[in-house]
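Next come the chains, spelled out residue by residue.
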Amino acid sequence: MGKEKSKKTKATVTNLEKKEELNVLAEKEAVNENNESSVSFTNDVFMKFSLIGEDATSNLLRNFFCTVATHYKYKIVHTKVVNSEILPEQFGLKRIVMDVVATDDQGRRHNIEIQNQFKDVDFNRWEFYGARNLSMQLKSGNYYNVIQPEYQIILTFFTGEAAERNNKLINHYVMRNEDGEVEQENALINRTYVNLNVIDRIVEEKGVENLNDFEKLCYLFKHNEPCDTINTGKLVDAIMKKYDDMKQNEEVWTMAQRIEEAELREKYLEETARIKNEEDRKKALKEGREEGLKEGLKEGKKEGLKKGLEEGKKEGLLEGQLKIVKCQIMKKYGQDASTWLSSLTSSQLDKIIELILTCNTYEELKQQIQK
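Values in this document were obtained by computation on a predicted structure and should not be read as measured data. The numbers attached to residues start from 1 for each chain and follow its sequence in the written order. In keeping with the predicted nature of the model, local features appear solely for residues at pLDDT of at least 70, side-chain atom pairs appear and are counted solely at 80 or more, and the whole-chain, interface and lining totals rest on all residues. Side-chain metrics in this entry use all non-hydrogen atoms of the structure; hydrogen atoms and water are not considered.

Caption draft 1: Layout of the sheet that holds strand E5 (residues 170-173). Taken together, the six strands give an open sheet; going across it, the order is E1-E2-E3-E4-E6-E5, and neighbouring strands pair in mixed fashion. The two strands at the open ends of the sheet, each matched to only one other strand, are strand E1 (79-81) and E5. On average, each strand axis in the sheet is inclined to that of its neighbour by 20 degrees, with strand direction left out of account. Two strands form a pair only when DSSP identifies at least two bridges running between them. The secondary structure listing takes helices from DSSP runs of H or I that are at least 4 residues long and strands from runs of E that are at least 2 residues long, numbered from the N terminus. Relative to strand E4 (residues 150-156), strand E3 (residues 109-115) runs parallel, the two being bridged by seven bridges. The partner of Glu113 across the bridge, within E4, is Ile154. Working convention: axes come from line fits to C-alpha atoms, limited for helices to the stretch in contact. Angles between N-to-C directions cover 0 to 180 degrees.

Caption draft 2: Structural view of the packing of helix H7 (residues 213-223) against helix H8 (residues 234-248). In the contact formed by H7 and H8, the axes pass within 7 Å of each other and the chain directions differ by 40 degrees. If you check the angle between H7 and H8, you find them oblique. Along its contact with H7, which presents Asp213, Phe214, Lys216, Leu217, Leu220 and Phe221, the element H8 presents Lys234, Leu235, Val236, Ile239 and Met240. Its residues assigned to classes, the contact of H7 with H8 comprises eight nonpolar, no polar and three charged. The scheme is simple: roughly parallel for angles under 35 degrees, roughly antiparallel for over 145, roughly perpendicular for 65 to 115, oblique for anything else. The contact criterion used throughout is that any non-hydrogen atoms of two residues lie within 4.5 Å. Amino acids outside the nonpolar list (Ala, Val, Leu, Ile, Met, Phe, Trp, Tyr, Cys, Pro) and the charged list (Asp, Glu, Lys, Arg) are all regarded as polar, and Gly is one of them.

Caption draft 3: Focus on unusual backbone geometry. Not every positive phi belongs to a glycine, and His71 is a case in point at roughly 60 degrees. As for its position among the elements, His71 is in the loop between helix H3 (56-69) and E1. Positive phi, normally seen in glycine, also occurs at Tyr72, with a value near 60 degrees. Within the secondary structure layout, Tyr72 lies in the loop between H3 and E1.

Caption draft 4: Highlighting the pattern of salt bridges. Each salt bridge in this description consists of a side-chain nitrogen of Lys or Arg and a carboxyl oxygen of Asp or Glu lying within 4 Å of one another. If you walk through the whole model with that rule in mind, you get ten salt bridges. Between Arg108 and Asp104 there is a salt bridge, with the nearest N and O atoms lying 2.8 Å from each other. Just as Arg108 is buried, Asp104 falls in that class too. Here Glu215 makes a salt bridge to Lys206, at a shortest N to O gap of 2.9 Å. In the salt-bridge network here, residues are joined through shared partners; they are Glu113, Asp122 and Arg125. Any residue under 20% of the maximum accessible area for its type is buried, any over 50% is exposed, and the rest in between are partly exposed; the area is computed with a 1.4 Å probe on protein chains only.

Caption draft 5: Broad picture of the pairing of E4. In terms of burial, E4 is largely enclosed, as seven of its seven residues are buried. Side chains of E4 alternate between two faces, with Glu150, Gln152, Ile154 and Thr156 and Tyr151, Ile153 and Leu155 buried alike. Sheet analysis places E4 next to strand E6 (residues 189-195), joined by seven bridges and oriented parallel. When the sheet's bridge partners are listed, Gln152 is paired in E6 with Arg191.

Caption draft 6: Focus on the side chain of Lys216. Mapped onto the secondary structure, Lys216 falls in helix H7. When charges are tallied, Lys and Arg are placed among the positive residues and Asp and Glu among the negative ones, while His and the ends of the chain are skipped. An unpaired buried charge is present at Lys216: no salt bridge exists, and Asp213, the closest side chain of opposite charge, is 4.5 Å distant. Aside from chain neighbours lying at most four places away, what touches Lys216 is Val208, Leu211, Cys227, Thr229, Asn231, Thr232, Gly233 and Val236.

Caption draft 7: Layout of the packing of helix H11 (residues 346-355) against helix H12 (residues 362-370). For the pair H11 and H12, interaxial distance at closest approach is 10 Å and the crossing angle is 135 degrees. Regarding the angle of H11 to H12, the classification is oblique. Note that H11 runs across H12; the crossing there is right-handed. Contacts between H11 and H12 involve Gln348, Lys351, Ile352 and Leu355 on the former and, on the latter, Leu365, Gln368 and Ile369. Residue composition of the contact of H11 with H12, by class: four nonpolar, two polar and one charged. For any helix crossing, the convention is left-handed if the near helix is rotated counterclockwise from the far helix by under a right angle, and right-handed if that rotation is clockwise.

Caption draft 8: Geometry of the packing of aromatic side chains. In this scheme Phe, Tyr and Trp rings, the latter by its six-membered ring, pair at centre separations within 6.5 Å, and the angle between planes marks the pair as stacked below 30 degrees, edge-to-face above 60, and tilted otherwise. Enumeration according to the criterion identifies 17 aromatic pairs in this entry. With 5.3 Å between their ring centres and 75 degrees between their planes, Phe46 and Tyr243 make a pair best called edge-to-face. Of this pair, Phe46 sits in helix H2 (residues 44-52) while Tyr243 sits in helix H8; the two residues are 197 residues apart in sequence, bridging distant segments of the chain. Classification of Tyr243 by relative accessible area gives buried; the value is 6%.

Caption draft 9: Geometry of the environment of Asn186. Take Asn186: it is sitting in the loop between E5 and E6. On the basis of relative accessible area, Asn186 is assigned to the partly exposed category, the value being 46%. For the pair Asn186 and Pro149, spaced 37 residues apart in sequence, the C-alpha to C-alpha distance is 7.4 Å.

Caption draft 10: Structural detail: the side chain of Arg109. By the element assignment, Arg109 lies in strand E3. Taking relative accessible area as the criterion, Arg109 reaches 11% and is therefore assigned buried. The contacts of Arg109, once residues within four sequence positions are left out, are Val101, Ala102, Thr103, Asn133, Met136, Gln137, Pro149, Glu150 and Tyr151.

Here you go:
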């Protein structure tokens, strides 16, 4: 009874822990009634709203992202957004294309995107976007030298193997060969990943007071609140201003809320499925171990029986040899050779059967066997 009660208590605790984990996500999924925390700073709609404006704040944010994307090679002072539409008729749909494509005063194209829930397949999508934006520049009859470089900057939360590869806050990529040489000096596709998960390591190393403006912005995106410092920085101030502006736009704010709900709901369902899969995996592993143990015991019994029979046969043959040789020695020499014979090997016993015919005395027989 005591053991049964202990097992039941343990199972209950485990279920409560899992239920609590899901409750945290469920609470996040619910929209706050006062609309204060129902939209994160990495919300797709909010990010596009922040970057598409022609005002000084949007221009500041957009130009800075573009400057980072060029590896600070160029100081971008002015950009124009190509895809500035936010479509209210798509309320409730999560997968609205919310990346921002802009051109600078030199004709270079910049693609800015934030990806909240990273998946490995996103690499294919980003590569496709880069190729598509290049092909859109080339009109019929034009030469390829009119194509301007494409700069992508993707802010995301890398996990797994992708996080190991992109272990810096800002990670720049161009096409290179196996020796690390760049294919061409002015590459057409230039991709920059900002791994927002790295910001916590940077805070540990530098401290919040020593973060630069971009790092403070990344902290805001990661934790959904400014870092604890008096000087928030011009980029964080710009984002906070845009957040206040969007709250005044009821139509866009409502769309952002619905996008947020859809993303949280999807995350909640994915987490539920993950916990279920983990439970199924543990159950299958347990059943597999039990089955393996049974099979192992079964095979072990078979192997043990087989080995026992073989050893039994050997012992039986040896015992039979001893009896025969002992009897022969007693008849010919009148000696009880039990003690001596028990110290001999099977091959020596076989030899005695041959020698007993030619040896005239017991001592002679023993000498021949010792040789």
